[in-house]
Protein chains: 2
Amino acid sequence: MARKTKAEAEATRESILDAAEKMFFEQGVSRTSLEQIARAAGVTRGAIYWHFRNKQALFEAMLGRVRNPMEARLADLLEQQRSIDALRDICVDSLRQLATSEHHFRVFSILFLRTESDTGLAAQEEISGRSVQLLQQYFGIPAVRNTLAADITPELAALALNSHFVGIYFQWLKTPDHWNLVEQAPALVDIIFRGLQRR
Amino acid sequence: MARKTKAEAEATRESILDAAEKMFFEQGVSRTSLEQIARAAGVTRGAIYWHFRNKQALFEAMLGRVRNPMEARLADLLEQQRSIDALRDICVDSLRQLATSEHHFRVFSILFLRTESDTGLAAQEEISGRSVQLLQQYFGIPAVRNTLAADITPELAALALNSHFVGIYFQWLKTPDHWNLVEQAPALVDIIFRGLQRR
DNA sequence: GCATACATACAACCATGTATGTATTTTTAT
DNA sequence: ATAAAAATACATACATGGTTGTATGTATGC
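Residues numbered from 1 in each chain as written. Chains lettered and ligands numbered in written order. Predicted model: local features only at pLDDT ≥ 70, side-chain atom pairs only at ≥ 80, totals over all residues. Heavy atoms only, no water.

Chemist: Run through the nonpolar core, naming residues and quoting values.
Modeler: If you look at the biggest cluster of nonpolar residues, it comprises 145 residues, and the most contacted ones within it are Phe139(A) and Phe139(B). Not counting residues up to four positions away in its chain, the partners in contact with Phe139(B) are Ile84(B), Leu87(B), Val144(B), Arg145(B), Leu148(B), Pro154(B), Ala157(B), Ala158(B), Leu161(B) and Leu196(B). (Core = buried A, V, L, I, M, F, W, Y, C linked by side-chain atoms within 4.5 Å. Buried < 20%, exposed > 50% of the residue type's maximum accessible area, 1.4 Å probe, protein only. Contact = heavy atoms within 4.5 Å.)

Pasting the structure below:
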């Protein structure tokens with residue numbers, strides 16, 4: 001086949017990534033072959049091996065397209081020393097984004113449910129690890145810490161909030177049609193915040 | 001090789017399941033071959049195919065050895081209409097069991113992190129689904145429901161508690177050496193209960 | 001004219017599943 | 001009770017396909 005222009009090449013690269021995302025989501029990472037991805041992208045394996053070293057590299061590139069949506073906002077929260085209500089908004093928005101963005105839905109579904117690879121775990125760690133760090137620092141701000149219940153350290157608060165969050169992600173991704181995350185998000189977030197704050 | 005006695009056969013069956021649990025935990029389900037499991041069990045693939053129809057059946061049998069530790073106690077909780085403090089004890093114990101029983105640790109680690117199969121998800125659903133059902137019914141008991149915060153329905157309470165729990169499981173299984181689950185368990189449980197109960 | 005962006009062809013390897021062999025155990029018939 | 005028959009609990013051998021990686025071809029953009 002003929003050589004493509006630079007822009008066209010970049011387009012096929014993206015379509016390969018799209019196809020990988022789709023197939024990984026539908027079948028799981030280990031059970032989808034490069035041949036299947038190639039077919040879904042309308043190319044052959046040759047194209048995949050041209051753009052990516054192997055399946056592993058393709059997988060990582062696919063994950064790399066999604067950035068943790070919370071992270072930037074958490075950094076801003078910390079820097080601006082915003083109120084805890086602002087954090088609550090971030091949390092609600094984050095849950096809603098998972099439920100409304102097909103792209104995020106698929107990638108996080110792959111990360112949580114459709115991969116057993118170590119790089120998948122590493123990616124999870126990279127994503128949630130930084131968030132926990134930022135949350136810890138935020139809860140350490142005296143004005144914020146004072147609002148926490150008596151025996152809750154910043155570390156514990158960050159851990160609990162993050163775990164609660166991951167649990168909601170996880171549970172909902174398993175059965176997204178079973179309950180409405182967008183509707184329940186505020187109530188679910190309120191519960192954990194009530195648990196963290198002093199009464 | 002010679003035929004074994006009935007008891008011996010049952011022993012090799014168990015050793016195969018043990019080996020599968022070990023290898024699935026260490027390498028993930030899809031990346032461990034039956035050959036590896038056989039070697040780890042000190043037998044050949046012939047023995048595996050004698051006791052199990054295929055890898056899938058072996059995987060299910062391996063999962064079948066662990067029953068949800070919470071379920072029986074939740075049923076009792078509901079039947080005896082015990083106080084919410086009893087539920088809190090169950091939750092703490094459940095977390096502690098994960099951290100102290102190597103067997104539970106491995107199997108849940110496989111379920112949450114080391115499989116991408118649909119049967120893995122189905123098993124998760126079966127395990128946590130019933131718990132949520134029981135929790136819903138329990139929170140529906142008037143005396144219990146009255147202790148919940150104003151706008152929290154029994155369904156929401158069960159969902160939130162279960163999600164919080166799953167999140168803790170998930171986070172800790174990823175990095176079990178990073179923090180001490182046994183120590184933190186009571187505090188983590190207290191947080192979610194404070195969030196659920198009226199102040 | 002040379003590097004590019006693929007398609008095509010080829011080699012090699014696991015992993016699975018099944019078929020077969022076999023030494024015992026267990027059962028059955030006498 | 002004992003010998004023959006049958007079933008058991010595997011090990012071994014083999015056939016197959018699916019997947020990966022690489023090597024090569026090739027038309028075209030630059």
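Chemist: Give a description of the interface of chain B and chain A that names residues and reports values.
Modeler: Contacts between the two partners involve 43 residues from chain B, matched on the other side by 43 residues from chain A. Of the roughly 3800 Å² buried where chain B meets chain A, counting both sides, 57% is carbon and sulfur surface. Three residues, Glu116(B), Arg194(B) and Arg199(B), lead the burial of chain B against chain A; their summed loss comes to 21% of the area buried on that side. At the boundary of chain B with chain A, the tally comes to 4 salt bridges. Taking the shortest distance from any N to any O, the salt bridge between Lys174(B) and Glu125(A) comes out at 3.8 Å. Between the two partners, chain B and chain A, sit 13 residue pairs in polar contact (both at pLDDT 80 or more). (Buried area = accessible area lost by both parts, 1.4 Å probe. Salt bridge = Lys/Arg side-chain N within 4 Å of Asp/Glu carboxyl O. Polar contact = N/O pair within 3.5 Å; in protein donor to acceptor, adjacent residues only side chain to side chain.)

Chemist: Give me the relation of the copies chain B and chain A: which residues, what numbers.
Modeler: Between the two chain copies there is a screw-like relation: a rotation about an axis and a shift along it. Between chain B and chain A, which share one sequence, the superposing operator has a rotation angle of 180° and an axial displacement of 0.0 Å; the RMSD is 0.1 Å. Expressed as a symmetry operation, the mapping of one chain copy onto the other fits a two-fold axis. Here 100% of the contact residues of chain B are again contact residues in chain A; the copies associate through an equivalent surface. (Least-squares fit on C-alpha atoms with pLDDT ≥ 70 in both.)

Chemist: Just give me the short version of the domain arrangement of chain A, but keep the residues and values in it.
Modeler: All names here are of chain A. On domain assignment, one finds that chain A holds domain 1 (6-64) and domain 2 (69-196). Domain 1 and domain 2 are separated by 30 Å when their C-alpha centres are compared. Regarding the contact of domain 1 and domain 2, the summed buried area is about 1000 Å², with carbon and sulfur atoms giving 67% of it. The largest share of the area that domain 1 buries against domain 2 comes from Glu21, Phe25 and Leu63, three residues that together contribute 55% of it. Applying the counting criterion to the domain 1 and domain 2 interface returns 1 salt bridge. Where Glu21 meets Arg106, a salt bridge forms, and the shortest distance between an N and an O atom there is 2.4 Å. The interface formed by domain 1 and domain 2 includes 5 residue pairs in polar contact (both at pLDDT 80 or more). (Domains from an automatic or database assignment.)

Chemist: Which residues make up the environment of His164(B), and what are the values?
Modeler: Along the chain, His164(B) falls in helix α10 (residues 154-174). Exposure remark for His164(B): the relative accessible area of 1% places this residue in the buried category. Separated by 41 residues in sequence, His164(B) and Ala123(B) have C-alpha atoms that sit 19 Å apart. Beyond its immediate chain neighbours, meaning those up to four positions away, His164(B) contacts Ala160(A), His164(A), Ile192(A), Leu188(B) and Ile192(B). (Helix = DSSP H or I, 4+ residues; strand = E, 2+ residues; numbered from the N terminus.)

Chemist: Outline helix α4 (residues 55-64) of chain B, supporting the account with residue identities and numerical values.
Modeler: All names here are of chain B. Those residues of α4 not exposed but buried are Leu58, Phe59, Met62 and Leu63. When α4 is viewed along its axis, its buried side chains cluster within an angular range of 135° and face the same direction. Its buried side turned inward, α4 meets α1 (6-27), α2 (34-41), α3 (45-51), α7 (102-113) and α8 (118-140). (Arc of directions from axis to C-beta.)

Chemist: Residues and numbers for the protein's contact with DNA strand C, please.
Modeler: Close to DNA strand C lie 23 residues; Arg3(A), Thr44(A), Arg3(B), Arg45(B) and Tyr49(B) are nearest. Among the atoms of DNA strand C lying within 4 Å of the protein, the sugar-phosphate backbone contributes 66%. Here a phosphate oxygen of DNA strand C sits 3.1 Å away from a polar atom, N or O, in the side chain of Thr5(B). Leu34(B) places a main-chain nitrogen or oxygen 3.1 Å from a phosphate oxygen of DNA strand C. Those elements that provide at least two residues to the surface near DNA strand C are α1 (6-27) and α3 (45-51) of chain A together with α3 of chain B. Taken together, the residues of the surface near DNA strand C break down into 9 nonpolar, 7 polar and 7 charged. (Near = heavy atom within 4 Å. Nonpolar A, V, L, I, M, F, W, Y, C, P; charged D, E, K, R; others polar.)

Chemist: Run through the protein's contact with DNA strand D, naming residues and quoting values.
Modeler: Taken together, 22 residues form the shell around DNA strand D, and within it Arg3(A), Arg45(A), Tyr49(A), Arg3(B) and Thr44(B) come nearest. Close to the protein, within 4 Å, the atoms of DNA strand D are drawn from sugar and phosphate at a rate of 63%. Here a phosphate oxygen of DNA strand D and a side-chain polar atom of His51(B) are 2.9 Å apart. For the surface near DNA strand D, the elements supplying multiple residues, two or more each, are α3 of chain A together with α1 and α3 of chain B. Sort the elements by how many residues they give to the surface near DNA strand D and α3(B) lands first, with 4 residues. Looking at side-chain class alone, the surface near DNA strand D contains 8 nonpolar, 7 polar and 7 charged residues.

Chemist: Help me get a handle on the side chain of Glu116(A), residues and values and all.
Modeler: Residue placement: Glu116(A) occurs in the loop between α7 (102-113) and α8 (118-140). Of the buried charged residues, Glu116(A) lacks a salt bridge, with Arg31(B) as the closest side chain of opposite charge at 5.1 Å. A polar side-chain atom of Glu116(A) sits 2.5 Å from the main-chain amide nitrogen of Ser30(B). A distance of 3.4 Å separates the side chain of Glu116(A) from the backbone nitrogen of Glu116(B), its partner in a polar contact. Setting aside residues no more than four positions away along its own chain, Glu116(A) makes contact with Gly28(B), Val29(B), Ser30(B), Arg31(B), Leu113(B), Arg114(B), Thr115(B) and Glu116(B). (Lys, Arg positive; Asp, Glu negative; His and termini not counted.)

Chemist: Kindly report on helix α6 (residues 84-100) of chain A, identifying the contributing residues and their values.
Modeler: Residues and elements named next belong to chain A. A rise of 1.5 Å per residue sets the reference length of α6, with its 17 residues, at 24 Å; its end C-alpha atoms lie 24 Å apart and thus fit the reference within 8%. Among the residues of α6, Ile84, Leu87, Ile90, Cys91, Val92, Ser94, Leu95 and Leu98 are the ones counted as buried. Summarising the contacts, the buried residues of α6 are in contact with α5 (69-80), α7, α8, α9 (142-145), α10 (154-174) and α11 (181-196). (Expected span 1.5 Å × (residues − 1).)

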